[in-house]
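# Inside the fold
Each chain is listed here by its residues.
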Amino acid sequence: MIGVKQSPNAPFSRHLKALQGAKDSPAKLTKWFDQVAEINLIRADIVHSVLETVQICDGKSEKGSWQFRNVGNASAGPRVLTSEDFNALVNRVAALTNTLNQRLKAPTPTVPASPTG
């Protein structure tokens, strides 16, 4: 198991950086870390925002979405997610979680003992 000690109350991004920087962190997870970091930016916008709903009606159809404006990053524009975007995000998180769980459950290769003699 990767030995990383972090306070349980530390921000998720700090846990992620510590895990990524661990000397026994598997190199195969590099792509996984990049994908999680990308999702973490979206997560930060969602949890540090005031939620606004947006309804667009052109007279024929109506489309709704959620708008998140990160109060901690005022220079960034709002992030807009439709219900399809949000569902895709949930599916990406589930897939990344599954990938990590598979990696953590995979047996660690052992080096055969050298013959004594």
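Here goes a summary of the coordinates provided. Worth saying up front: this structure is predicted, and the values here are computed from it rather than measured.

Scanning the protein chain from N- to C-terminus turns up three helices and three strands. Mapped from its N terminus to its C terminus, the protein chain presents α and β elements in the order α-α-β-β-β-α. Expressed as a percentage of its 117 residues, the buried residues of the protein chain come to 20%. By sequence separation, contacts in the protein chain at least 24 residues apart represent 29% of the contacts at least 6 residues apart. A total accessible area of about 9000 Å² is found for the protein chain, and carbon and sulfur atoms account for 56% of it.

A word on the side chain of glutamine 67. Note on placement: glutamine 67 falls in strand β2 (residues 62-70). Of note is the side chain of glutamine 67, whose polar atom sits 2.6 Å from the side chain of glutamate 52. Beyond its immediate sequence surroundings of up to four residues, glutamine 67 is in contact with Val50, Leu51, Glu52, Val54, Pro78, Arg79 and Val80.

With that settled, consider the packing of aromatic side chains. Counted according to the given criterion, the structure contains two aromatic pairs. Look at tryptophan 32 and phenylalanine 33: their rings are 5.3 Å apart centre to centre, the planes differ by 80°, and that puts the pair in the edge-to-face class. A single burial state applies to tryptophan 32 and to phenylalanine 33, both of which are buried.

Of all hydrophobic cores here, the largest spans 10 residues; its members are Leu16, Leu29, Trp32, Phe33, Val36, Ile39, Ile42, Leu89, Leu96 and Leu100. Mapped by element, the contributors of at least two residues to this core are α2 (30-47) and α3 (83-105). If we ignore the near neighbours within four places in the chain, the residues touching isoleucine 42 are Arg79 and Leu89.

A few words on α2. If you check α2, its first and last C-alpha atoms are 25 Å apart, about what 18 residues at 1.5 Å a residue would give, namely 26 Å. Taken together, the buried positions of α2 are Trp32, Phe33, Val36, Ile39, Asn40, Ile42 and Asp45.

It is worth spelling out the sheet that holds strand β1 (residues 49-57) at this point. If you walk across this open sheet you meet the three strands as β1-β2-β3, and the pairing is antiparallel. Each of the sheet's edge strands pairs with one partner strand only, and the pair in question is β1 and β3 (79-82). With strand direction ignored, the average angle separating the axes of adjacent strands in the sheet is 30°. Note: β2 against β3, four bridges, orientation antiparallel. Residue tryptophan 66 lies in a different strand from β3, and its bridge partner there is leucine 81.

Moving on, we come to the environment of isoleucine 42. Structurally, the position occupied by isoleucine 42 is in helix α2. With 26 residues separating them in the primary sequence, isoleucine 42 and phenylalanine 68 have C-alpha atoms 9.4 Å apart.

Procedures and definitions
- Residues numbered from 1 in each chain as written.
- Predicted model: local features only at pLDDT ≥ 70, side-chain atom pairs only at ≥ 80, totals over all residues.
- Heavy atoms only, no water.
- Helix = DSSP H or I, 4+ residues; strand = E, 2+ residues; numbered from the N terminus.
- Buried < 20%, exposed > 50% of the residue type's maximum accessible area, 1.4 Å probe, protein only.
- Contact = heavy atoms within 4.5 Å.
- Areas by Shrake-Rupley, 256 points an atom, 1.4 Å probe, with all protein chains shown as cover.
- Polar contact = N/O pair within 3.5 Å; in protein donor to acceptor, adjacent residues only side chain to side chain.
- Phe/Tyr/Trp six-rings, centres within 6.5 Å; stacked < 30°, edge-to-face > 60°.
- Core = buried A, V, L, I, M, F, W, Y, C linked by side-chain atoms within 4.5 Å.
- Expected span 1.5 Å × (residues − 1).
- Pairing = 2+ DSSP bridges.
- Axes fitted to C-alpha atoms, helices over the stretch in contact; angles between N-to-C directions.

Any link to function would need more than the numbers given here.
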